[in-house]
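An overview of the molecular structure
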Amino acid sequence: MNKISPQRFLSFCSPEMQELVQLAQRGRSTLADHDFEEAAYERLYQIGISKSIWDEACKSMGSPAATTCVIITDANMNRPNNPVRSPGAYMRTLIKQHKDGKLNIIASLIAISERTRN
């Protein structure tokens, strides 16, 4: 998240996640990383990702990357081809890819960006 502006990062979020980020912002004029983390944590329960999966993601990759993975998972539930149907299982896959050194968060964000542009 640190290398991407908060406004740009917000563009990767689903409309539901954007709403949660704005609620977490609490009327402040600027977005902060913790707004995204708070929104992602809130969204977990709405899309069916357990707290234990969140805890595992935070432990293995850190909360900024875990937050980004929730945002990716949430956005990919709405992709037209092969939407994520089991967000918990998808998150576990992202955690495993991270542990195996194969997780490419930037490629996922680029795919979301390209999909939302079209």
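So, here is what we can say about the structure in this document. Being a predicted model, the structure only gives us computed values, none of them experimental. (Residues numbered from 1 in each chain as written. Predicted model: local features only at pLDDT ≥ 70, side-chain atom pairs only at ≥ 80, totals over all residues. Heavy atoms only, no water.)

1. Describing the packing of helix 5 (residues 63-76) against helix 6 (residues 87-99)
Rules: Axes, fitted as lines to C-alpha atoms, cover a helix only where it is in contact. Angles between the N-to-C directions of the axes lie from 0 to 180 degrees. Numbered from the N terminus, helices here are DSSP runs of H or I no shorter than four residues, and strands are runs of E no shorter than two. Working rule for angles: under 35 degrees goes down as roughly parallel, over 145 as roughly antiparallel, 65 to 115 as roughly perpendicular, anything else as oblique. A crossing counts as left-handed when the near helix is turned anticlockwise from the far one by less than a right angle, and as right-handed when that turn is clockwise. Any two residues whose heavy atoms approach within 4.5 Å at even a single point are treated as in contact. Charged residues are taken to be Asp, Glu, Lys and Arg, nonpolar residues to be Ala, Val, Leu, Ile, Met, Phe, Trp, Tyr, Cys and Pro, and polar residues to be all remaining types, Gly included.
For the pair helix 5 and helix 6, interaxial distance at closest approach is 10 Å and the crossing angle is 135°. Viewed along their axes, helix 5 and helix 6 adopt a mutual orientation that is oblique. Two packed elements cross with a definite hand, and for helix 5 against helix 6 that hand is right-handed. For the pair helix 5 and helix 6, the contacting residues are Ala66, Cys69, Val70, Ile72, Thr73 and Asn76 in the first and Pro87, Tyr90, Met91 and Leu94 in the second. Here the contact of helix 5 with helix 6 is composed, by residue class, of 8 nonpolar, 2 polar and no charged.

2. Considering the packing of aromatic side chains
Definition in use: Note on ring pairs: Phe, Tyr and Trp rings are taken, using the six-membered ring of Trp, and paired if centres are within 6.5 Å. Classes follow the plane angle, with under 30 degrees stacked, over 60 edge-to-face and the rest tilted.
Inspection of every chain in the model, using the stated rule, returns 4 aromatic pairs. With 4.9 Å between their ring centres and 80° between their planes, Phe9 and Phe36 make a pair best called edge-to-face. Here Phe9, found in helix 1 (residues 6-11), pairs with Phe36, found in helix 3 (residues 33-47); they are 27 residues apart in sequence, far enough to count as distant. Here the aromatic rings of Tyr41 and Tyr45 are separated by 5.7 Å at their centres, their planes lie at 85°, and the arrangement is edge-to-face. Here Tyr41 pairs with Tyr45, and both are found in helix 3, just 4 residues apart, close to one helical turn. One aromatic cluster is present, built from ring pairs that chain together Phe9, Phe12 and Phe36.

3. Re the state of the cysteines
Our working rule: Any pair of cysteine sulfurs within 2.5 Å is marked as a disulfide. When a residue's accessible area, from a 1.4 Å probe over protein chains only, is under 20% of the maximum for its type it is buried; when over 50% it is exposed; and in between it is partly exposed.
Considering all chains together, one arrives at 0 disulfides under this definition. Cys69 carries a free sulfur, and the closest cysteine sulfur to it, the one in Cys58, is 10.0 Å from it. By relative accessible area, which is 1% here, Cys69 ends up buried.

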